[in-house]
Amino acid sequence: MIAAEDTVLVLLAAGKSARFGDVGSKLNEPFLTRPLGLHVAVALEAVPFAHRVVVTSPCCTIDYTPHGFTVIGNDDPVGDMASSVRLGVACAEALGAKAVLLALADMPRVTASHIYRLLDAADSADAVVASSDGRSPKPPALFARAHFGTLRALSGDQGARALIRAGRHVVTNAAELIDVDTPEELEQLRELVHAPEALTLPGTRRHERPA
């Protein structure tokens, strides 16, 4: 296994939110009394990572610093989608990390227990361990230091898909790996977990139900 104390958490929070509409950043949207993009940060507070880094864009107004994060700004996440990964991994490497855990801020249901399972499954110095819903691998994903060079060389919308597909996959409940890309998906998630916003925010089905 790779210890959390040797790992840097890199939270990617600079997405363009293109499918969500003209809202600036979907991560600012309310979900269960806090911004959507803050849930992963809070859920992983008890995991003793060596450092926590978040890569954000100017559109994201969430303050991650009270949760122990070093904030890195990405002024052009749209023109070069892999730039956020490069920025986060370069910071983790400079901090002396033995591994980096890449997590997405639009996956609000990720749990600390699943992250520990990813760390436990890393059985070599060049491990790649990704999450899976039983159908396809996806973030959160753990990369040992041997892969930092590859991650820093990513460009465009290439991402780390090839590394993730070739790595080890830890299956968890599909509900834990829900990512929110559209207003409809956020509405469905609110209703699934009985979030108070599902009753109070305009545009939700339960808000608009007849009296």
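Predicted model, so just to flag it, every value in this text is computed and none were measured.

### What about helix H2 (residues 83-94)?
The α-helix winds at 3.6 residues per turn, so residues separated by three or four positions along the chain end up facing the same way. Compared with an ideal rise of 1.5 Å per residue, which puts 12 residues at 16 Å, H2 spans 16 Å between its outermost C-alpha atoms and is within 8% of the ideal. Contacts from the buried residues of H2 go to strand S1 (7-13), strand S4 (51-56), strand S5 (69-73), strand S6 (99-104) and helix H4 (148-152). With its phi angle positive at about 85 degrees, Gly96 sits one or two positions after the end of H2.

### Observations regarding the pairing of S1
Here is the key point about a regular strand: its side chains alternate between the two faces of the sheet. With respect to burial, S1 is a largely interior element, seven of its seven residues being buried. Sheet topology note: the S1/S4 ladder contains six bridges and is parallel. In the sheet register, Ala13 faces S4, and the bridge partner there is Thr56.

### A closer look at the sheet that holds strand S7 (residues 128-132)
With mixed pairing, the seven strands of this open sheet are ordered in space as S5-S4-S1-S6-S8-S7-S9. Edge strands, defined here as strands with exactly one partner in the open sheet, are S5 and strand S9 (168-171). Each adjacent strand pair in this sheet contributes to an overall mean axis angle of 25 degrees, direction not counted. Contacts between helix H3 (residues 112-121) and the sheet are confined to S1, S6, S7, strand S8 (137-144) and S9, with S9 contributing the most and set at about 150 degrees to the helix.

### Here we look at unusual backbone geometry
Note the cis peptide between Pro139 and Pro140, where omega equals -5 degrees. For Leu32, which is not glycine, the phi torsion reads 50 degrees and is therefore positive. Here Leu32 lies in the loop between strand S2 (30-31) and strand S3 (34-35). Given the relative accessible area of 24%, Leu32 is considered partly exposed. In this structure, Thr33 is a non-glycine residue whose phi angle is positive, near 70 degrees. One can find Thr33 in the loop between S2 and S3.

### Notes on the confidence of the model for the chain
Predicted confidence across the chain gives a mean pLDDT of 89, with 88% of residues reaching 70 or more. The element-level mean pLDDT for the chain is lowest in helix H7 (residues 197-200), coming to 72, with H3 highest at 98. Across residues 205-211 the pLDDT falls below 50, and counting only partners more than four positions away or on other chains, this stretch makes 16 contacts in the model.

### Things to note about the environment of Ala3
Among the structural elements, Ala3 can be located in the segment before S1. A relative accessible area of 23% places Ala3 in the partly exposed class. Spatially, the C-alpha atoms of Ala3 and Lys98 are 8.9 Å apart, while their sequence positions differ by 95 residues.

### Details of the side chain of Asp106
Topologically, Asp106 is positioned in the loop between S6 and H3. The exposure class assigned to Asp106 is buried, which follows from its relative accessible area of 10%. For Asp106, the side chain forms a polar contact with the side chain of Lys26, separated by 2.9 Å.

### A word on H3
Ala112, His114, Ile115, Leu118, Leu119 and Ala121 are the residues of H3 that are buried. Structurally, H3 contributes buried residues whose contacts are with S1, helix H1 (39-43), S6, S7, S8 and S9.

### Thoughts on the environment of His39
Following the sequence through the fold, His39 ends up in helix H1. The sequence separation of His39 and Leu27 amounts to 12 residues, and the corresponding C-alpha distance is 9.7 Å. Setting aside chain neighbours within four positions, we find His39 in contact with Phe31, Leu32, Arg34 and Pro108.

### Remarks on the pattern of salt bridges
Taken as a whole and judged by the stated rule, the model has eight salt bridges. Across the pair Arg168 and Asp123 runs a salt bridge, and its minimum N-O distance is 3.4 Å. Of this pair, Arg168 sits in strand S9 while Asp123 sits in the loop between H3 and S7, and the two are 45 residues apart along the sequence. Residue Asp123 is classed as exposed on the basis of its relative accessible area of 57%. Members of the salt-bridge network, linked through shared partners, are Lys26, Asp106 and Asp181.

Cut-offs and rules
Residues numbered from 1 in each chain as written. Predicted model: local features only at pLDDT ≥ 70, side-chain atom pairs only at ≥ 80, totals over all residues. Heavy atoms only, no water. Helix = DSSP H or I, 4+ residues; strand = E, 2+ residues; numbered from the N terminus. Expected span 1.5 Å × (residues − 1). Contact = heavy atoms within 4.5 Å. Buried < 20%, exposed > 50% of the residue type's maximum accessible area, 1.4 Å probe, protein only. Pairing = 2+ DSSP bridges. Axes fitted to C-alpha atoms, helices over the stretch in contact; angles between N-to-C directions. pLDDT = per-residue confidence, 0-100. Polar contact = N/O pair within 3.5 Å; in protein donor to acceptor, adjacent residues only side chain to side chain. Salt bridge = Lys/Arg side-chain N within 4 Å of Asp/Glu carboxyl O.

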